[in-house]
Structures are given as structure tokens and as C-alpha cells.
Amino acid sequence: MVMRVRQKEMDTRNIYRNAESSAMSSGAQEDLARIPGTDFEKVPKLLARYIEFSEFKNADTSKGYFCAACVYFFEGKNQCAIVQGTGESADGVNSDDIAPHGMCALWKHLPAI
């Protein structure tokens, strides 16, 4: 049962990464307002209750409830598969990306490989 759950999590993670890479490799401009591989719009930062914790900027964010440890986070691109990168966060701060040291209410654990 545990193996099936892990496999499902890995499949979910790969769907988002594959959708992003195929959009980029085809030369198409990725629509950053849509969830990769779907026609669904991404959730605004404010609605997702996204917030950044600057005190953890230099911490190991691969563990804990940070974006860097979330299945939806595109490592190295500072983007999320389901939350818009630009806009106002829950604490009123505007930024143009999703920080590894941020977190939101839609967080889903990135399984250990």
C-alpha cells in the first residue's frame, strides 16, 4: 500500500515536470497563468495563502513545510505548478516568483527518493 501511494505521488510530480518540459521543448511559450498540462487557471498567491519567510532564506528548505519540499515546486525556476508566481502574498508583499523558503495552504509533501 505504501509503495502505491509513493508511486502515485511520483506520478503526480512527473506529470507537472513533464508538462512543463514538453511545453518548453516544443518552443511554445508556456502560459504561466495555467496549470501545466491543463486548461485550469493557477491559484493567486493571496487565495493560496502564500507567504515567504525571509528568516529561512539560507536554511535547508528541502525539509519542512516549504515550497522547496513541495511536489508542485519547479526547483531552479522558483515557480509553482498550481500557484501564480506574481502577485500579492498573504502578508501583503508583491513578488515575481515562488521562493523556496515560502509556503502556502496547498502544500503537498515531495516524497523522498
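How each quantity is defined
Residues numbered from 1 in each chain as written. Predicted model: local features only at pLDDT ≥ 70, side-chain atom pairs only at ≥ 80, totals over all residues. Heavy atoms only, no water. 1 Å grid on protein atoms, 1.4 Å probe; cavity = no way out; pocket = protein on both sides within 12 Å on 5 of 7 lines; lining within 4 Å. Points joined across faces, edges and corners; volume = space filled by probe spheres on them. Nonpolar A, V, L, I, M, F, W, Y, C, P; charged D, E, K, R; others polar. Core = buried A, V, L, I, M, F, W, Y, C linked by side-chain atoms within 4.5 Å. Buried < 20%, exposed > 50% of the residue type's maximum accessible area, 1.4 Å probe, protein only. Contact = heavy atoms within 4.5 Å. Helix = DSSP H or I, 4+ residues; strand = E, 2+ residues; numbered from the N terminus. Polar contact = N/O pair within 3.5 Å; in protein donor to acceptor, adjacent residues only side chain to side chain. pLDDT = per-residue confidence, 0-100.

1. As for empty space enclosed by the protein
- Going through the model one piece at a time under the given rule, you end up with one cavity of 30 Å³ or more.
- Considering only enclosed or pocket space, the largest cavity measures out at about 80 Å³ in volume.
- Surrounding the largest cavity, Y50, C67, C70, Y72, F73, C80, I82, V83, I98, C104, L106 and W107 form its lining.
- Looking at side-chain class alone, the lining of the largest cavity contains 12 nonpolar, no polar and no charged residues.

2. Side note on the nonpolar core
- By size, the foremost hydrophobic cluster in this structure holds 16 residues, and its most contacted members are Y50, Y72, C80, I82, V83 and I98.
- Among all residues touching C80, those that are not within four sequence positions of it are K42, Y72, F74 and I98.

3. So, the side chain of K45
- Considering the arrangement of structural elements, one finds K45 in helix α2 (residues 45-48).
- Engagement of the side chain of K45 in a polar contact is seen with the side chain of S95, the distance being 2.5 Å.
- Not counting residues within four places of it along the chain, the set of residues in contact with K45 comprises Y50, V83, Q84, G85, T86, G87, E88, S89, S95, D97 and I98.

4. Considerations on the confidence of the model for the protein chain
- Per-residue pLDDT for the protein chain averages 78, and the proportion of residues at 70 or more is 70%.
- Looking across the protein chain, the model is least confident in helix α1 (residues 2-25), with a mean pLDDT of 49, and most confident in strand β1 (residues 51-52), with 95.

5. Quick look at the environment of P36
- Relative to the helices and strands, P36 resides in the loop between α1 and α2.
- Residues P36 and C80, spaced 44 residues apart in sequence, show a C-alpha to C-alpha distance of 9.8 Å.

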